[in-house]
Amino acid sequence: MSQAMALYHLQETELQLLRGQKRLAEIATALEDHQAIDQAQAAVEAAQRALSPLQTRARNLELEIQSNLAKIQNADEALYSGRIRNPKELQDLQQEIQALKRRNADLEDQLLETMLAIEEAEASLAQTRQALEQTTAAWNEQHAHLLEEQKQLKAERSKLLQQREQALAGIDAASLSEYNALKPRKQNQPIALLIGGSCAVCGVEQTQMLVSEAMQGRTLVKCLSCGRILAYRPGS
Ligand SMILES: [Zn+2]
């Protein structure tokens, strides 16, 4: 194998290593990200906070209605007991009963409204709880997939590192130093295949002389346009 082709194998292995590394970093970030669950949890808490004062209000209204009913009953009993004879006192008592009844009618309207509001608040609480469940289930599933992918990438990484060692074993010091010098200037892609007489990265057709030198593979030949080392793969 020519030095250019050996460098090409090194480059492809290193590019795969870089892609794997990038993906592993993405996975690590995704595994730490609980934002969706936190948001769903916050929605449940907000729905609970909206419901709770309505329930308190309904209990207070019920208590006041009960207390008024007891007062009405007492006043009724006094009215029909025959103990009170003074007409002014009887009239006052009747008025008090009327006032309590009007007050309770008003309280019952308020209670009905509150009960309707409670129904709505309970429905939205149930919705947010369901959404939280779904979000949690989806996150758990995604988490499992990511862990599996992470495992595969780590296994692949060890293989690629071995492959890199093997590729390096076939490369001489001068070729490697040229490769390393060119790498940062060519976005980690200092080697281009020569395909049909053209550089496969920039697409520019090479001179006949460059093509034949690249095909012989005795020296490192660079693309006349992008400056990458041209690797000729027999048959292309
Ligand atoms: Zn080129």
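Notes on the structure follow. (Residues numbered from 1 in each chain as written. Predicted model: local features only at pLDDT ≥ 70, side-chain atom pairs only at ≥ 80, totals over all residues. Heavy atoms only, no water.)

**Observations concerning empty space enclosed by the protein**
- This model, assessed by the stated rule, comprises 1 cavity of 30 Å³ or more.
- Estimates place the volume of the largest cavity at around 60 Å³.
- Lining the largest cavity, in full, are Gln16, Leu17, Gly20, Gln21, Leu24, Leu153, Glu156, Arg157 and Leu160.
- The set of elements that each furnish at least two residues to the lining of the largest cavity consists of helix H1 (3-32) and helix H3 (87-169).
- The greatest single-element share of the lining of the largest cavity, amounting to 5 residues, is contributed by H1.
- Here the residues of the lining of the largest cavity sort into 4 nonpolar, 3 polar and 2 charged. (1 Å grid on protein atoms, 1.4 Å probe; cavity = no way out; pocket = protein on both sides within 12 Å on 5 of 7 lines; lining within 4 Å. Points joined across faces, edges and corners; volume = space filled by probe spheres on them. Helix = DSSP H or I, 4+ residues; strand = E, 2+ residues; numbered from the N terminus. Nonpolar A, V, L, I, M, F, W, Y, C, P; charged D, E, K, R; others polar.)

**Looking at the coordination of the zinc ion**
- Looking at the metal site, the zinc ion is ligated by Cys199 (SG), Cys202 (SG), Cys223 (SG) and Cys226 (SG), spaced 2.2 to 2.4 Å from it.
- What the 4 donor atoms of the zinc ion show is an angle range of 98 to 119° at the metal, which sorts the shape as tetrahedral. (Donors = N, O, S within 2.8 Å, 3.2 Å for Na, K, Ca; no water. Tetrahedral: all angles 85-135°; square planar, octahedral: opposite > 155°, others 65-115°.)

**Some words on the nonpolar core**
- Counting 15 residues, the largest nonpolar core has Leu51, Leu111, Leu125 and Leu132 as the members making the most contacts within it.
- Counting only elements with at least two residues in this core, the list comes to helix H2 (35-81) and H3.
- Once residues within four sequence positions are removed from consideration, Leu51 is found in contact with Ile118, Ala121, Glu122 and Leu125.
- Counting 14 residues, the second largest nonpolar core, distinct from the first, contains Leu7, Ala167, Tyr179 and Leu182. (Core = buried A, V, L, I, M, F, W, Y, C linked by side-chain atoms within 4.5 Å. Buried < 20%, exposed > 50% of the residue type's maximum accessible area, 1.4 Å probe, protein only. Contact = heavy atoms within 4.5 Å.)

**Quick word on the pattern of salt bridges**
- Per the counting criterion, the structure on display carries 8 salt bridges.
- One salt bridge connects Arg23 with Glu149, and the closest N-O pair in it is separated by 2.7 Å. One end of the pair, Arg23, is in helix H1; the other, Glu149, is in helix H3, with 126 residues separating them in the sequence.
- Of the residues examined, Arg23 reaches a relative accessible area of 28% and is grouped as partly exposed.
- Overall, the relative accessible area of 26% leaves Glu149 in the partly exposed class.
- With a shortest N-O distance of 3.7 Å, Arg103 and Asp106 are connected by a salt bridge. Placement of the pair is Arg103 and Asp106 together in helix H3, with a separation of 3 residues, close to one helical turn.
- One continuous salt-bridge network, built from bridges that share partners, spans Glu14, Arg164 and Lys183. (Salt bridge = Lys/Arg side-chain N within 4 Å of Asp/Glu carboxyl O.)

**Points about H3**
- For H3, spanning 83 residues, the distance from its first C-alpha to its last is 120 Å, which sits close to the expected 123 Å at 1.5 Å a residue.
- Put simply, Asn86 is the residue that caps the front of H3, since its side-chain oxygen is 2.9 Å from the backbone nitrogen of Lys88. (Expected span 1.5 Å × (residues − 1). Polar contact = N/O pair within 3.5 Å; in protein donor to acceptor, adjacent residues only side chain to side chain.)

**A look at the sheet that holds strand E3 (residues 229-231)**
- Strand order in the open sheet formed by 3 strands is E2-E1-E3, and the pairing between neighbours is mixed. The open sheet has two edge strands with one neighbour each: strand E2 (198-199) and E3.
- Examined bridge by bridge, strand E1 (residues 191-195) and E2 share 2 bridges and lie antiparallel to one another. Residue Ile195 lies in a different strand from E2, and its bridge partner there is Ser198. (Pairing = 2+ DSSP bridges.)

**Focus on the packing of H1 against H3**
- Orientation of H1 relative to H3, taken along the N-to-C sense of each, is 155°, at an axis distance of 9 Å. Compared by their axis directions, H1 and H3 come out roughly antiparallel. Crossing of H1 over H3 shows left-handed handedness.
- Residue composition of the contact of H1 with H3, grouped by class: 14 nonpolar, 7 polar and 7 charged. (Axes fitted to C-alpha atoms, helices over the stretch in contact; angles between N-to-C directions. Parallel < 35°, antiparallel > 145°, perpendicular 65-115°, else oblique. Left-handed = near helix turned anticlockwise from the far one by under 90°.)

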